Amino acid sequence: MSAVLVFFVNGKKVTEVSPDPECTLLTYLRERLRLCGTKLGCAEGGCGACTVMVSRLDRRASKIRHLAVNACLTPVCAMHGCAVTTVEGIGSTKTRLHPVQERLAKAHGSQCGFCTPGIVMSMYALLRNAEQPSMRDLEVAFQGNLCRCTGYRPILEGYKTFTKEFACGMGDKCCKVNGKGCGSALDDTDDKLFERSEFQPLDPSQEPIFPPELQLSEAFDSQSLVFSSDRVTWYRPTKLEELLQLKAQHPSAKLVVGNTEVGVEVKFKHFLYPHLINPTQVQELLEVRESPDGIYFGAAVSLMEIDALLRQRIEELPESETRLFQCTVDMLHYFAGKQIRNVACLGGNIMTGSPISDMNPVLSAAGAQLEVASFVDGQIRRRTVHMGTGFFTGYRRNVIEAHEVLLGIHFRKTSPDQYIVAFKQARRRDDDIAIVNAAINVRFEEHSNLVADISMAFGGMAPTTVLAPRTAQLMAGQEWNHQLVERVAESLCTELPLAASAPGGMIAYRRALVVSLFFKAYLAISLKLSQSGIVSSDALAPEERSGAQTFHTPVLKSAQLFERVCSDQPVCDPIGRPQVHAAALKQATGEAIYTDDISRMDGEVYLAFVLSTKPRAKITRLDATAALALEGVHQFFSYKDLTEHENEVGPVFHDEHVFAAGEVHCYGQIVGAIAADNKALAQRAARLVNVEYQDLSPVIVTIEQAIEHKSYFPDYPRFVTKGNVEQALAQADYTFEGTCRMGGQEHFYLETHAALAVPRDSDELELFCSTQHPSEVQKLVAHVTALPSHRVVCRAKRLGGGFGGKESRGISVALPVALAAYRMGRPVRCMLDRDEDMLITGTRHPFLFKYKVGFTKEGLITACDIECYNNAGWSMDLSFSVLERAMYHFENCYRIPNVRVGGWVCKTNLPSNTAFRGFGGPQGMYAGEHIIRDVARIVGREVVDVMRLNFYKTGDYTHYNQQLEHFPIERCLEDCLKQSRYNEKRVEIARFNRENRWRKRGMAVVPTKYGIAFGVMHLNQAGALINIYGDGSVLLSHGGVEIGQGLNTKMIQCAARALGIPPELIHISETATDKVPNTSPTAASVGSDINGMAVLDACEKLNKRLAPIKEALPDGNWKEWINKAYFDRVSLSATGFYAMPGIGYHPETNPNARTYSYYTNGVGVSVVEIDCLTGDHQVLSTDIVMDIGSSLNPAIDIGQIEGAFMQGYGLFTLEELMYSPQGMLYSRGPGMYKLPGFADIPGEFNVSLLTGAPNPRAVYSSKAVGEPPLFIGSSAFFAIKEAIAAARQDQGLSGDFPLEAPSTSARIRIACQDKFTKLLDIPEPGSFTPWNIVP
Ligand SMILES: Cc1cc2nc3c(=O)[nH]c(=O)nc-3n(C[C@H](O)[C@H](O)[C@H](O)COP(=O)(O)OP(=O)(O)OC[C@H]3O[C@@H](n4cnc5c(N)ncnc54)[C@H](O)[C@@H]3O)c2cc1C
Ligand code: FES
Ligand code: FES
């Protein structure tokens, strides 16, 4: 028995005596080994930021297995005898880059870089297993990785170069290698964003070897281990008897194999399991036995190994024998991500017994045989149990007893007359848990379609996997045909009811899915019967057949077109060229430092928050005694530590509190904070703080409830009017009244909010903060500490994404951290866990619009009266400004001569909602796109024609009196229609829809017009500071923050051109309030515009000072000039400043000014296919043409467009925040909140930058790009709506139907009404309390 943990990390041996069984590999790497390249994004296996490679020797197979795993779920104790490779272990900028790092960086696949190490390691692990993987291998490798910035395309483009598919018979002459893409770029355009021929080749012989010590000594596998802390003991037995004895001694002990269930329970449900048993060295649990009947898998065999062997046998054995195998691998493809499947076992899935387990329906329908063992009366007892009726005895319980261990599972071969199929429907196809899944196992009488017996199992319909024995009985002896389907559908509806308030919500959808999934199975099996000649080939109508299929990720096709720089532009001038993100290589090697990567300091403590567990209540007791009693807990902070004035904060209005004072206004509001020695302890102590409440009412969560209670912020409603709306509506040929609604969106920056505060002198504070607005943090820290601002410095080196979420909400973390540091006189740190971040920091604003529109017979809009409501949450934050932008953007690209826009900021009991890329603009334009489609539908014209009819023209005025200059929307539209082959696709789609009953396609065009400037006048200013040093190197500082958007890269490019030096001479270290003061937030897309101009201003000053020196030394070089300037005592430091001119419109006080400096425009066309039975969808293609002036850096700008599109696509189709009726956020992690993943990119994704459209109003004729393309993501939503309309048309239903965004699979399915949805008796809203509501 050993108590010493031994493993290797990046080739170095690590020996740990008595390791902590609660410590994860991630914490160990980051905290103990200071290997901070591996990131924490979620702690629940859902984002892949923590991916590392674990290698272990499989002695039985004499093979070293390299597995990508999630370090956040891997217990460090499980690493005994393993070699761990992190991103730091494969290459570095100081030594040699690994090709995996280099290609990702140079292909522009890293923006904020927080996801990058995880993606690098997923790819690296793949290459360690397959030197030349296929594109399908890539698809699988990245199922468990998320990126919120890039839109994934550049990552895949970079990594495609490693694949079989990329290797082309043309060798060096290949168009992919020599740089000319296969597409045909026009003369003035370029289509090459990176130079593939520069990539270093992959040389597998250079990879680090598996540590010989681990190979040589069997002791690493044969040792029994026990590791203990004061709370938990970890056992690693090596013999079955030892395992069973332990389980007999500690029946409540948890077996830990992949830890993908137990780890989540411990972290998020705060379960404490005093005994953990790791059985992965017990041979009986790892056994794989093949027999003529089938295959037996030991319970601890990983899902990936099961998948691999089953796939092999499917290739080799007759199809009729492998139907269960096929059904299993189909299911496993969509089971979690690869990192989870690499370690998770089937035994863990069965024994957890989750009602939405993916394998339990398959195994239950198959009646799988399980082997179980226990240690009773001094001996091993074995028994066999069958899955199926009676196996599950309750929520997460089954017939296997606590002292027993599951040994293994039999997978039987199928017989020729047996068919087994399974389907899973989730929010997102890849790496998501099921909403409902189903497995159907049917055996027919020999060579017939008469059902001999059938077993149907469903997940997601009850607290356990359930079977439908009554319906099965009804089917016995019946013919497998459409009449049977009708009866089965009715029977399933009654046999599998779901209470209207059942957990999980989506009641109608889930019930519809049961029938729909059965019907899909019916279609799939019927096709097989017809293929084998058992039923006639016309048993299924041709248009029904595609209903049997599911979507598969298409292999990406893409093109990026941009303007070529002039041939006479100097080679060293980087403007207009696709330069790599300045920090990309550091990000790809894990060297880039984010806030929480800053080394721990002497005396540092961690701050954890006590959060409100009520939506609205009075605090009647606040007692931290129990928490403070724990050793290592130092102090508790609450509102009592501040004066009333100090406690009142907010970005504009001081209407919120650092700590709740007397009352809480939402779930997740910060009530207090505990400072303790480390994170785990601080969080545990925070849970011990006793807060008692007295509930207050009413609790207002939704916009509708706010309207009912007239719960608006003061001064609302506000109106903007133009012309005479009443009169125009009265005179219109037609009027139409409509509403539309859209939900919020979680920012899901990969790096959560983080702050580190360090006291300097007794009256100075230095803050390192993940904020888009360092000056505001500085100002408010000064406010809460009562220090003047010059004693507080706030620094932001880089952020792992922000998207608006770190514009104003950073204060929630920064202020308590700063206060604690100041009061305690020691460094204090906090980086929110993902669930805390999602709960505390607010989202994009949900919006409701009610409109009345008047128009002519031709579809020309003459008037619009529109009401805009946003859900602000409990404090104002920036909600007034978000609303204003929505009110100014609702008309999108359409000229409406008579307008009245009303706006209401709704006050609710939700965390304060905040800025999010687009800032109300997308919500407003969403209403405009509904209006244009309503008009087109009513006048019976093509949407595109009605768009053209209504488009603004150059010289027109908006409803806020801004004249449009050089308005390019028609050009964008025509280019985009051509690029997307719009007319051809319309014909193809119409044909497809005629030929398919259960699959439909839709296409939508969406234009966008986005106003560039902060709505608040004074923010439209920026500063810069340039210091030139004696060696000629230049340190540039500006007021913007590098959030991943490439701002620093662009600023370096601007300074390089302005100073006439290569970009390599220029460095940007950080954004800091002591370098450039009074900065504006990095937001509103104007980062490059305003900071770029400030940088130019500083460069001009320096150029003026250097001019005489250059004149005197015309043949000198930069270094010589700088040297001379220094000795001539010329200042080599200059500040720059910029204030955006001509803006600040106010109808009364400044009517001639513009609201926005200019507009960024674009058009997108998306084609989407939906599965009418499940509501699933796939974007087949997206084409975008954007006018972004003369791009400063096409690689970065195209990256912004693609990333914004994908974020918009998520907003409008996929990302759904789930709240309880009391306003508690359920969706607090990637498990429940689904961002688009790699597999969600459009199958064909083309982006073009409009050429020949320089912008006179921004730096080097460029245009702002960060936010404007986001709205184009809605093209997928409107295309889905078209596809649903086609499905409804088949049923004779109206094309005027409500569809709220996001158009989730649930909403799509329910909108596609058909004979199955008619069977559902759905209780009236209001007659029950739903599980969730939409805010
Ligand atoms: C990000 C993520 C995505 C996921 N996606 C899916 C998904 O798509 N579909 C799905 O079905 N599940 C999913 N899961 C759930 C989980 O991965 C699976 O249930 C997995 O099979 C559990 O295996 P494990 O080895 O990690 O279990 P562990 O966490 O190690 O153990 C789980 C439980 O099983 C018990 N146990 C394990 N082995 C035995 C045994 N031999 N005898 C008795 N008891 C045993 C343990 O005591 C424990 O209670 C997901 C989980 C995560 C974190
Ligand atoms: S941090 Fe491990 S998967 Fe997200
Ligand atoms: S670059 Fe992927 S999350 Fe930012």
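Residues numbered from 1 in each chain as written. Chains lettered and ligands numbered in written order. Predicted model: local features only at pLDDT ≥ 70, side-chain atom pairs only at ≥ 80, totals over all residues. Heavy atoms only, no water.

Colleague: What's the story with the overall build of the protein chain in this structure? I'm lost.
Modeller: Broken down by element type, the protein chain carries 38 helices and 48 strands. Rg of the C-alpha trace for the protein chain: 31 Å, near the compact-globule value of 34 Å for 1335 residues, within the 12% margin. Referenced to the eigenvectors of the C-alpha coordinate spread, the extents of the protein chain come out at roughly 95 × 75 × 75 Å. Across the 1335 residues that make up the protein chain, the buried fraction comes to 64%. Of the contacts made within the protein chain by residues no fewer than 6 positions apart, 77% connect residues no fewer than 24 positions apart. Of the roughly 46,400 Å² of accessible surface on the protein chain, a fraction of 51% belongs to carbon and sulfur atoms. Side chains of the protein chain carry 134 positive and 148 negative charges; the gap between the two charge centres is 0 Å. (Helix = DSSP H or I, 4+ residues; strand = E, 2+ residues; numbered from the N terminus. Rg over C-alpha atoms; globule rule 2.2 N^0.38 Å. Buried < 20%, exposed > 50% of the residue type's maximum accessible area, 1.4 Å probe, protein only. Contact = heavy atoms within 4.5 Å. Areas by Shrake-Rupley, 256 points an atom, 1.4 Å probe, with all protein chains shown as cover. Lys, Arg positive; Asp, Glu negative; His and termini not counted. Charge placed at Lys NZ, Arg CZ, Asp CG, Glu CD.)

Colleague: Can you help me understand the site of ligand 1 in this one?
Modeller: Among the 32 residues in the neighbourhood of ligand 1, the closest are listed as L255, V257, T260, N349 and D358. V262 places a polar main-chain atom, nitrogen or oxygen, 3.0 Å from an oxygen atom of ligand 1. Breaking the shell around ligand 1 down by element, the ones donating at least two residues are β9 (254–255), α9 (262–268), α13 (346–352) and β17 (405–412). No other element matches the four residues that α13 contributes to the shell around ligand 1. Per-class residue counts for the shell around ligand 1 are 18 nonpolar, eight polar and six charged. (Near = heavy atom within 4 Å. Polar contact = N/O pair within 3.5 Å; in protein donor to acceptor, adjacent residues only side chain to side chain. Nonpolar A, V, L, I, M, F, W, Y, C, P; charged D, E, K, R; others polar.)

Colleague: How should the pattern of salt bridges be read in this particular structure?
Modeller: Side-chain pairs of opposite charge can arise whenever the charged atoms involved come near each other. Going through the model one piece at a time under the given rule, you end up with 81 salt bridges. Linked through salt bridges whose partners overlap, the residues forming this network are R30, E31, K39, D596, D597, R600, E604 and R829. (Salt bridge = Lys/Arg side-chain N within 4 Å of Asp/Glu carboxyl O.)

Colleague: Which parts of the structure should I look at to understand the sheet that holds strand β12 (residues 294–298)?
Modeller: In a beta sheet, neighbouring strands are held together by backbone hydrogen bonds and run either parallel or antiparallel to one another. Within the open sheet, the five strands sit side by side as β11-β12-β17-β13-β14. Their pairing is antiparallel. Looking at which strands have only one partner, the edges of the open sheet turn out to be β11 (288–291) and β14 (379–386). Sheet twist, expressed as the average angle between the axes of neighbouring strands with direction ignored, equals 20°. Note that strand β13 (residues 369–376) and β14 share eight bridges and pair antiparallel. (Pairing = 2+ DSSP bridges. Axes fitted to C-alpha atoms, helices over the stretch in contact; angles between N-to-C directions.)

Colleague: How should I be thinking about helix α32 (residues 982–995) in this particular structure?
Modeller: Residue pairs three or four apart in sequence face the same way in an α-helix, which turns once every 3.6 residues. Taking 1.5 Å as the rise per residue, α32 with 14 residues should run 20 Å; its terminal C-alpha atoms sit 20 Å apart, in good agreement. Listed in full, the buried residues belonging to α32 are Y982, K985, I989, F992 and N993. In a view along the axis of α32, the buried residues occupy a sector of 95°, so they form one face of it. Relative to its buried face, α32 has exposed residues pointing more than 90 degrees away, namely N983, V987 and R994. Residues of α32 that are buried in the fold lie against α30 (943–950), α31 (969–979), β40 (999–1012), β46 (1158–1171), β47 (1177–1187) and α37 (1274–1290). (Expected span 1.5 Å × (residues − 1). Arc of directions from axis to C-beta.)

Colleague: Would you explain the side chain of D934 in this entry?
Modeller: Along the chain, D934 falls in helix α29 (residues 921–939). Residue D934 is classed as buried on the basis of its relative accessible area of 7%. If we ignore the near neighbours within four places in the chain, the residues touching D934 are F736 and Y851.

Colleague: Would you take a moment to explain the packing of aromatic side chains for this structure?
Modeller: Centre distance and the angle of the planes are the two values used to describe a pair of aromatic rings. On inspection of all chains with the given rule, the structure shows 39 aromatic pairs. Measuring from ring centre to ring centre gives 5.0 Å for F114 and Y594, while their planes differ by 90°; the resulting arrangement is edge-to-face. Placement of the pair is F114 in the loop between α2 (99–106) and α3 (116–129) and Y594 in the loop between α19 (584–589) and β23 (605–611), with a sequence separation of 480 residues. On the basis of relative accessibility, which here comes to 2%, the residue Y594 falls in the buried class. With a centroid separation of 5.8 Å and 90° between ring planes, the pair formed by Y960 and Y1156 is classed as edge-to-face. Residue Y960 is found in the loop between α30 and α31, and its partner Y1156 is found in the loop between β45 (1133–1139) and β46; the two are separated by 196 residues along the sequence. Its relative accessible area of 1% is what places Y960 among the buried residues. Feature note: the residues Y419, F444, W480, F518, F519, Y522, W998 and F1316 constitute an aromatic cluster, connected by ring pairs. In this arrangement the basic side chain of R997 is found over the ring face of W998, its NZ or CZ atom lying 4.2 Å from the centre. (Phe/Tyr/Trp six-rings, centres within 6.5 Å; stacked < 30°, edge-to-face > 60°. Lys NZ or Arg CZ within 6 Å of the ring centre and 35° of its normal.)

Colleague: Please clarify how the sheet that holds strand β3 (residues 51–58) should be interpreted in this entry.
Modeller: Judged by pairing direction, the sheet is mixed, and its five strands sit side by side in the order β2-β1-β5-β3-β4 without closing on themselves. Among the strands making up the open sheet, the edge pair consists of β2 (12–17) and β4 (63–70). Taken over all neighbouring pairs, the strand axes of this sheet differ in orientation by 30° on average, direction set aside. Of the pairings in the sheet, the one linking strand β1 (residues 4–9) to strand β5 (residues 83–85) comprises two bridges and is parallel in character. By the bridge assignment for β5, F8 is matched with A83. The strands touched by α3 are β3, β4 and β5; relative to β3, the strand with the most contacts, the crossing angle is about 25°.

Colleague: Looking at this model, I keep getting lost on the pairing of β40. Mind explaining?
Modeller: Within β40, 13 of the 14 residues are buried, leaving the element largely enclosed by the surrounding structure. Here 14 bridges tie β40 to β46, and the two strands are oriented antiparallel to one another. In the sheet register, A1004 faces β46, and the bridge partner there is S1166.

Colleague: How do you make sense of the side chain of T1160 when you look at a structure like this?
Modeller: Within the secondary structure, T1160 is located in strand β46. Within polar-contact distance, the side chain of T1160 engages the backbone oxygen of A1264 at 2.9 Å. Those residues in contact with T1160 that sit more than four places away from it in its chain are T1008, K1009, Y1010, I1012, M1186, D1187, I1188, K1263, A1264 and P1268.

Colleague: So what exactly am I meant to see when it comes to the nonpolar core here?
Modeller: Within soluble globular proteins, side chains that are nonpolar tend to cluster in buried spots. Formed by 333 residues in total, the largest nonpolar core has its most connected members in Y159, F458, W480, F518, L607, F609 and I866. Looking at this core element by element, the count peaks at 16 residues for helix α17 (residues 507–531). Apart from residues lying up to four places away in sequence, L607 is in contact with F637, A673, I674, A675, P816, V817, A820, V828, R829 and C830. Of all hydrophobic cores here, the second largest spans 75 residues; its members include W234, C327, V329 and A457. (Core = buried A, V, L, I, M, F, W, Y, C linked by side-chain atoms within 4.5 Å.)

Colleague: Whenever I open this one, the environment of Y894 confuses me. Can you help?
Modeller: Here Y894 lies in the loop between α28 (879–889) and β39 (898–907). Separated by 226 residues in the primary sequence, Y894 and G668 have C-alpha atoms spaced 41 Å apart. Among residues more than four places away in sequence, those in contact with Y894 are G928, E929, I932, M947, N950, F951, Y952 and P1007.

Colleague: How do you make sense of the packing of helix α10 (residues 303–316) against helix α11 (residues 323–333) when you look at a structure like this?
Modeller: The geometry of a pair of packed helices is captured by two quantities: the angle between their axes and the separation between those axes. Here α10 crosses α11 at 140°, and the two axes come no closer than 9 Å. Comparing the axis directions of α10 and α11 gives the class oblique. As α10 runs across α11, the sense of the crossing is left-handed. Here L303, I306, D307, L310, R311, R313 and I314 of α10 come into contact with α11, specifically with F325, Q326, T328, V329, L332 and H333. Classifying every residue of the contact of α10 with α11 gives seven nonpolar, three polar and three charged. (Parallel < 35°, antiparallel > 145°, perpendicular 65-115°, else oblique. Left-handed = near helix turned anticlockwise from the far one by under 90°.)

Colleague: Mind showing me how you'd approach the packing of α28 against α29 here?
Modeller: Running from N to C, α28 and α29 cross one another at 30°; their axes reach a closest spacing of 7 Å. In terms of orientation, α28 lies roughly parallel with respect to α29. Of the two elements, α28 crosses α29, and the hand of that crossing is right-handed. Here R885, A886 and H889 of α28 lie close against α29, whose contacting residues are G921, G924 and M925. A class-by-class count of the residues in the contact of α28 with α29 yields two nonpolar, three polar and one charged.

Colleague: Honestly, the environment of V1163 in this entry has me stumped. Any pointers?
Modeller: Along the polypeptide, V1163 turns up in strand β46. Look at V1163 and you get buried, because its relative accessible area is 0%. Taking the C-alpha atoms as reference points, V1163 and E1064, 99 residues apart in sequence, are found 36 Å from one another.

Colleague: Mind showing me how you'd approach the pairing of β39 here?
Modeller: Walk down a regular strand and you will see the side chains alternate between the two sheet faces. With respect to burial, β39 is a largely interior element, eight of its ten residues being buried. Pairing of strand β31 (residues 718–722) with β39, which is carried by five bridges, proceeds in the antiparallel orientation. Looking at β39, one finds that R718 is bridged to G903. The parallel pair strand β38 (residues 861–873) and β39 is bridged by α28, and the resulting crossover is right-handed. (Right-handed = clockwise from strand over helix to strand, strands pointing away.)

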